[in-house]
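Close look at the chain arrangement
One-letter residues, chain by chain:
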Number of protein chains: 2
Amino acid sequence: MSLIYNRVALIGLGLIAGSMAHAMRESGLAGEITGHARSEATRDTAREIGLCDRICDSAAEAVAGADLVVLAVPVGAMGDVAAEIAPHLAPGATVTDVGSVKQAVIDAVGPHIPDGVHFIPGHPLAGTEHSGPRAGFASLFRNRWWLLTPLPGTDPGAVDRLSGLIAAMGAKTDRMEPGHHDLVLAVTSHAPHLIAYTMVGVADHLRRVTDEEVIQYSAAGFRDFTRIAASDPTMWRDVFLHNKEATLDILGRFTEELFVLQRAIRMGDGEQLFDYFSRTRAIRRGIIEAGQDTDAPDFGRTPGARP
Amino acid sequence: MSLIYNRVALIGLGLIAGSMAHAMRESGLAGEITGHARSEATRDTAREIGLCDRICDSAAEAVAGADLVVLAVPVGAMGDVAAEIAPHLAPGATVTDVGSVKQAVIDAVGPHIPDGVHFIPGHPLAGTEHSGPRAGFASLFRNRWWLLTPLPGTDPGAVDRLSGLIAAMGAKTDRMEPGHHDLVLAVTSHAPHLIAYTMVGVADHLRRVTDEEVIQYSAAGFRDFTRIAASDPTMWRDVFLHNKEATLDILGRFTEELFVLQRAIRMGDGEQLFDYFSRTRAIRRGIIEAGQDTDAPDFGRTPGARP
């Protein structure tokens, strides 16, 4: 593959930025990769593992001369970072972000972007429950979606160039209106995360069942929740605070629906439960057919071949 | 390994019974394995793939002469099956079950067991989202828990013999009081399953977000819910109907807790969210340390090595 950007600046050095660094290096997509993180410990770790070509002590230094700047900080920090780097952005540069919420980021970052700089908000639908500069790996984006929510009037050439980088890292791009993005993600990601956090919290508080038992017997379903609920607390705090409306809407629907099933259990209405559970199976089949998961039982966790 | 039972009868030929058949054969733990399923189609499939040594058209025929009988049918069907086989059980035989609820099974099965037959209720904490006679595989129980809830006065020799079989199939056994079992499982399995079913149902009903988008962008958290929600509808209907009290108790706690977090989002209380999310991370670490899951990111789903 060939060079797409001469200098890429990564602001924030967590799982996503780290994985981008690995993926861009693997295919020679960037001439130089600079990086900055607010925490000195993170910068030290990044230097130690050689995550970028150059780790800078300030965001301003990192973005100087970059033709692509990637904001990979928690959603709540995007506005401050944008204000800090704005005077140092090169004319013609592209600024993108990887935040899980789009309208709030556009509102926070947009006003700081100078004329002649392209701002193209983005969101890679990829991640693991690990975080920090050591968590990244080159294949994170492979076969995953990377949504872009460009504003009206954005230079098509700049969008195509960014899309080219994303495709070269193995992801599929799609474009979406920011508000619609935030609703889709509230359903597919934000509400499920809050629910998983809640269920793990319930288990934690339940004193009649010892912690040890909850942990020991987790394989029966709870385990999948704890993986989700182990995700980065700062990132998720910011997601909920900045996609408040859509998340609360979905949670409201969720509670209504849960009460219907709870009532069916209380009333002993087996038919209603059976019908409900049969419908949800079809969605799962759709996800496997869409290539977003494996059909291997239990995510292929269990060792040993099937007969 | 050596023979533990001369003849094992499997009543119900789904994921668990099928996996037991594979595991027992792999290590030569049973002299003969007979099987019966109520559905003719299931029996035909089981014959076609040679799941057991002999597939019988009636449960009575399958249990005749067996020294171990395994009831592997949905919890709601246990009582009828027990009534049907009771007159045909060999003196000195052991009857066990693999139901996810224990007190209700004891109440339904216990009264039918004749004097001189040992009834030892059990529950393997193992499974996948697949079901039916083709779903089983020999390694399903490896490193998993298999809980036994023997009643007071049960012959210790019979319990030890059954524990020996379970250990030889690769599982770890533990003993528990039936009511406590049902509460622990309500937390670690039953409530999480109902919640996953509910969230998948919400996504299904949401008309503003097309099904296609929900499925396409599922990798962002929702996917794990759909795996859980793809589990066998009959089995789960029966679990909820027969562990009603404990499940409703846990769901009540869950809703209270969810409302607290929802309120924190509405009020913009970032500190409360952050503290909550930080606590749940510790539980996840405990599960990995207990050996009940992998530390590989995203369950090791993502192809490619980490750096």
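Residues numbered from 1 in each chain as written. Chains lettered and ligands numbered in written order. Predicted model: local features only at pLDDT ≥ 70, side-chain atom pairs only at ≥ 80, totals over all residues. Heavy atoms only, no water.

In this section: the domain arrangement of chain A. Quite often, the size of an interface is put as the accessible area lost when its parts meet. All names here are of chain A. Along its sequence, chain A is carved into domain 1 (5–176) and domain 2 (180–300). A straight line from the C-alpha centre of domain 1 to that of domain 2 covers 30 Å. Counting residues at the interface gives 21 residues for domain 1, matched by 17 residues for domain 2. In this assembly, domain 1 and domain 2 are joined by 0 salt bridges. Split by residue class, the side of domain 1 that touches domain 2 holds 9 nonpolar, 8 polar and 4 charged. (Domains from an automatic or database assignment. Contact = heavy atoms within 4.5 Å. Salt bridge = Lys/Arg side-chain N within 4 Å of Asp/Glu carboxyl O. Nonpolar A, V, L, I, M, F, W, Y, C, P; charged D, E, K, R; others polar.)

The next thing to look at is the interface of chain A and chain B. Across the boundary between the two partners, chain A contributes 116 residues, which contact 116 residues of chain B. Viewed at the interface, chain B and chain A are joined by 0 salt bridges. Our count for the chain A to chain B interface comes out at 13 residue pairs in polar contact (both at pLDDT 80 or more). Elements with a minimum of two residues in the side of chain A that touches chain B: β7 (145–148), α7 (178–205), α8 (211–216), α9 (222–228), α10 (233–242), α11 (244–267) and α12 (270–289) of chain A. A total of 22 residues in the side of chain A that touches chain B trace back to one element, the largest contributor, which is α7(A). (Polar contact = N/O pair within 3.5 Å; in protein donor to acceptor, adjacent residues only side chain to side chain. Helix = DSSP H or I, 4+ residues; strand = E, 2+ residues; numbered from the N terminus.)

The next thing to look at is the relation of the copies chain A and chain B. Here two copies of a chain appear, and what relates them is a rotation about an axis with a shift along it. Each copy of the sequence occupies a distinct position, and chain A is placed on chain B by a rotation of 180° and an axial shift of 0.0 Å, giving an RMSD of 0.0 Å. Interpreted geometrically, this transformation is the action of a two-fold axis. In terms of C-alpha distance to the rotation axis, chain A has Asp224(A) as its closest residue, with the C-alpha 3.2 Å off the axis. Same-surface contact between copies: 100% of interface residues of chain A are shared with the interface of chain B. (Least-squares fit on C-alpha atoms with pLDDT ≥ 70 in both.)

Residues and elements named next belong to chain B. Read from one edge to the other, the open sheet built from 8 strands follows the order β3-β2-β1-β4-β5-β6-β7-β8, with strand pairing classed as mixed. Edge positions in the sheet fall to β3 (54–55) and β8 (172–175), since each has one partner strand and no second. The sheet contact formed by strand β5 (residues 94–97) and strand β6 (residues 118–124) spans 4 bridges and is parallel. Each residue of the ladder has a partner; that of Thr94, found in β6, is His118. (Pairing = 2+ DSSP bridges.)

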